[in-house]
Amino acid sequence: MTAHLRRRVDGALELRVNGVFVMDDAEASSERLLAQVVLDLGARDVLVGGLGLGYTLRALLDGGAGRVIVAEVEPDVVRWFADDTIPGGRELAADPRTAIETGDVRDIVAAQSGMSLDAIVLDVDNGPDFLVHDANAQVYEEDFIQQCAVRLRPDGHLCVWSMADSPAVRGRLRQHFERVETHEVPVRLQGRQESYWVLRGSRPR
Ligand SMILES: C[S@@+](CC[C@H](N)C(=O)[O-])C[C@H]1O[C@@H](n2cnc3c(N)ncnc32)[C@H](O)[C@@H]1O
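Residues numbered from 1 in each chain as written. Predicted model: local features only at pLDDT ≥ 70, side-chain atom pairs only at ≥ 80, totals over all residues. Heavy atoms only, no water.

A.B. asks: Tell me about the overall build of the chain, residues and numbers included.
C.D. replies: For the chain, the count of helices and strands is seven helices and ten strands. The C-alpha radius of gyration of the chain comes to 16 Å, within 12% of the 17 Å expected for a compact globule of 205 residues. Taking the principal axes of its C-alpha atoms as reference, the chain extends roughly 50 × 40 × 30 Å. Burial analysis of the chain (205 residues in total) assigns 50% to the buried set. (Helix = DSSP H or I, 4+ residues; strand = E, 2+ residues; numbered from the N terminus. Rg over C-alpha atoms; globule rule 2.2 N^0.38 Å. Buried < 20%, exposed > 50% of the residue type's maximum accessible area, 1.4 Å probe, protein only.)

A.B. asks: Break down the site of the ligand for me, with residues and values.
C.D. replies: Near the ligand, the surroundings consist of 22 residues, among which L53, T56, E72, D123 and N136 are the closest. Within the side chain of E72, one N or O atom sits 2.7 Å away from an oxygen atom of the ligand. Looking at the shell around the ligand, the elements with two or more residues in it are β3 (20-24), α2 (55-62) and β5 (67-72). Class assignment for the residues of the shell around the ligand results in ten nonpolar, seven polar and five charged. (Near = heavy atom within 4 Å. Polar contact = N/O pair within 3.5 Å; in protein donor to acceptor, adjacent residues only side chain to side chain. Nonpolar A, V, L, I, M, F, W, Y, C, P; charged D, E, K, R; others polar.)

A.B. asks: Before we move on, can you summarise helix α1 (residues 29-40) with the specific residues and values?
C.D. replies: Between its terminal C-alpha atoms α1 stretches 16 Å, which fits the 16 Å expected from twelve residues at 1.5 Å a residue. Those residues of α1 not exposed but buried are S30, E31, L34, A35, V37, V38 and L39. The elements touched by buried residues of α1 are β3, α2, β7 (117-122), β8 (152-162), β9 (177-189) and β10 (192-204). Phi turns positive one or two residues past the end of α1, at G42, with a value near 95°. (Expected span 1.5 Å × (residues − 1). Contact = heavy atoms within 4.5 Å.)

A.B. asks: Help me get a handle on helix α7 (residues 167-176), residues and values and all.
C.D. replies: When α7 is considered as a whole, its buried residues turn out to be V169, R170, L173 and H176. Viewed along the axis of α7, the buried residues span an arc of 120°, placing them on a single side of the element. Buried positions along α7 lie against α6 (142-150), β8, β9 and β10. (Arc of directions from axis to C-beta.)

A.B. asks: Can you lay out the sheet that holds β5 for me, pointing to particular residues and giving the numbers?
C.D. replies: Backbone hydrogen bonds are what pair the strands of a sheet, in a parallel or an antiparallel way. Taken together, the seven strands give an open sheet; going across it, the order is β6-β5-β4-β7-β8-β10-β9, and neighbouring strands pair in mixed fashion. Among the strands making up the open sheet, the edge pair consists of β6 (98-102) and β9. Along the sheet, successive strands turn relative to each other by an average axial angle of 15°, direction set aside. Two elements, β9 and β10, share twelve bridges in a ladder whose sense is antiparallel. (Pairing = 2+ DSSP bridges. Axes fitted to C-alpha atoms, helices over the stretch in contact; angles between N-to-C directions.)

A.B. asks: Explain the packing of aromatic side chains residue by residue, including any values.
C.D. replies: The final tally for this structure, using the stated rule, is one aromatic pair. Summarising the aromatic geometry, the rings of W161 and Y196 are spaced 4.8 Å apart at their centres and angled 55° between planes, so their arrangement reads as tilted. Taken together, the positions of W161 in strand β8 and Y196 in strand β10 put the pair 35 residues apart, joining distant regions of the chain. (Phe/Tyr/Trp six-rings, centres within 6.5 Å; stacked < 30°, edge-to-face > 60°.)

A.B. asks: Outline the side chain of H157, listing residues and values.
C.D. replies: Here H157 lies in strand β8. Relative accessible area serves as the criterion here: at 5%, H157 is assigned to the buried category. Beyond its immediate chain neighbours, meaning those up to four positions away, H157 contacts V38, L41, D118, A119, I120, L152, R200, G201 and S202.

A.B. asks: Any details on the environment of E141? Residues and values, ideally.
C.D. replies: In this structure, E141 sits in the loop between β7 and α6. The spatial distance from the C-alpha of E141 to the C-alpha of A168 is 9.0 Å, given a sequence separation of 27 residues.

Pasting the structure below:
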């Protein structure tokens, strides 16, 4: 896969992978909310799937997280933080609480010990129905949701960013978590009012 970063004519910083739009910095409220939801529930040790432009990581660090493991599959994205190509990236990467690991989130979750995390937040793709990478379909499947659940402490949380609400993902979360909630995030996109979604499972069974 090839990642590209470019400054658009409207001034926004845009991340593309294999030519497909992944995100920009024009609207990042849902990426920040992903962090805020788990911080508000008391999470301190958090694993993030997908570094992107770093909004979720920054919000976690600014909100007082104690340790943040970030799984990022694109080595270029990791490098752009280390050399500050992504503005402010070096500071986020150098924070002693940050551990950026280059690799697939499925492998990096699998490498964590059982009951070692307060929260896992996943923002590696657009949600199960709008995939950028077909291989990421597994991230929304029950096997991986279970893998996440067993790595969470008894009061832990799994949050999944999605471009649309997903009854299928909510149903799978219900299999492994006591409580399932949805957070709708209103966003203004190219003059239109839309919503992004954070689907949350709390307290693994
Ligand atoms: C939408 S961005 C994440 C945005 C991030 N929440 C932020 O605040 O900027 C998705 C990121 O996940 C990465 N990614 C995609 N598939 C992945 C996978 N299977 N494992 C780890 N990272 C992945 C992409 O390269 C990209 O950097």
